[in-house]
Amino acid sequence: MQILSKEQLRRNLDEVIWNIERARISVSEHHIVKLVGVAKYTAPENIRTLYELGQRAFGENQVQQLKERMQLLEDLPLEWHMIGTLQKNKINNLIDLQPSLMQSLDSIDLAAELNKKLQAKSKTMHCLLQINSAQEESKSGVSPEQAIDIYQQIKERCAHIVLKGVMSIGAHSDDYAIIQKSFETTYRIFDNLKKEGATVCSMGMSGDYELAIRCGSNLVRIGSTLFKS
Ligand SMILES: *Cc1c(COP(=O)(O)O)cnc(C)c1O
């Protein structure tokens, strides 16, 4: 993995922050958007440099890699997010890492299993319910039709899971309108869940974060654009 210069990372970060800024202001001056740097493709040295440039929140999509990087960078006050599919045999490992947000809770089964193991360790975890808004077979997440019901069920039955909102990956398409539709679907569900206390709507990656923000996202997960050379 390539180590990037501070100047390059500064350019990348400035570009992303500026684009986020433009998109969020077009929604409302009060619409605040959080940036999570997705580090899965990059060398840990680059995370350290981005930290020096002011970035605090980072995401990983594998428990093992999350663990290695948290350990390697434990001298920095970073905020870590789990954003990938969680295998049931990795649940205990993830709990021990105490991530600040687990964004990829993608079924009621996983929620029940996670809750059981959290209970056994007397821990809680902040989570987002992942929604498969574009209904793509290659993606995990609950269907948009069932999302509200499942959210409520998890809230009622899983006392150790603290649901903070929803996460979704935009439709895999070159057609802007189709991607927009998938974000609008997620946002509608989020809007509906505000009365259940949902505050986080995580959507938008390198290719589509400005559109996601215009559709109401308040957390973007950005990897390749942030770490390009
Ligand atoms: C890899 C990944 C991202 C970041 O993707 P980029 O297109 O590189 O910005 C965001 N969210 C999830 C869930 C990912 O796995």
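Structure's up top.
Predicted model only: the values in this text are computed from it and were never measured.

**Things to note about the site of the ligand**
Here is step 1: Taken together, Val38, Lys40, Tyr41, Ile83, Ile169, Met205, Ser206, Arg221, Ile222, Gly223 and Ser224 are the residues near the ligand.
Here is step 2: Note that an oxygen atom of the ligand is positioned 2.5 Å from one of the side-chain N or O atoms of Ser206.
Here is step 3: Between the ligand and the protein, one listed contact pairs an oxygen atom with a backbone N or O atom of Gly223 at 2.8 Å.
Here is step 4: In the complex, 89% of the free accessible area of the ligand, which totals 390 Å², lies under the protein chains.
Here is step 5: Classifying every residue of the shell around the ligand by side-chain character gives 6 nonpolar, 3 polar and 2 charged.

**Here's the deal with the packing of aromatic side chains**
Here is step 1: The tally for this structure, following the rule as stated, stands at 2 aromatic pairs.
Here is step 2: Both rings, one in Phe58 and one in Trp80, keep their centres 6.1 Å apart while their planes meet at 45°; by these two values the pair is tilted. In this pair, Phe58 is assigned in strand β2 (residues 57–60) and Trp80 in strand β3 (residues 79–82), connecting sequence segments 22 residues apart. Judged on exposure class, the residue Phe58 and its partner Trp80 are both buried.

**Side note on the side chain of Arg24**
Here is step 1: With respect to the helices and strands, the residue Arg24 is situated in helix α1 (residues 6–27).
Here is step 2: Setting aside its immediate chain neighbours within four residues, Arg24 contacts Glu29, His31, Ile32, Val33 and Ile213.

**Digging into the environment of Ala39**
Here is step 1: For Ala39, the position within the fold is in the loop between β1 (34–38) and α2 (44–52).
Here is step 2: Looking at Ala39, the relative accessible area reads 0%, which means it is buried.
Here is step 3: Considering only alpha carbons, one finds Ala39 and Leu226, 187 residues apart in sequence, at a separation of 9.0 Å.
Here is step 4: When sequence neighbours within four positions are dropped, the list of residues in contact with Ala39 reads Ile47, Gly59, Glu60, Arg69 and Phe227.

About the thresholds
- Residues numbered from 1 in each chain as written.
- Predicted model: local features only at pLDDT ≥ 70, side-chain atom pairs only at ≥ 80, totals over all residues.
- Heavy atoms only, no water.
- Near = heavy atom within 4 Å.
- Polar contact = N/O pair within 3.5 Å; in protein donor to acceptor, adjacent residues only side chain to side chain.
- Areas by Shrake-Rupley, 256 points an atom, 1.4 Å probe, with all protein chains shown as cover.
- Nonpolar A, V, L, I, M, F, W, Y, C, P; charged D, E, K, R; others polar.
- Phe/Tyr/Trp six-rings, centres within 6.5 Å; stacked < 30°, edge-to-face > 60°.
- Helix = DSSP H or I, 4+ residues; strand = E, 2+ residues; numbered from the N terminus.
- Buried < 20%, exposed > 50% of the residue type's maximum accessible area, 1.4 Å probe, protein only.
- Contact = heavy atoms within 4.5 Å.

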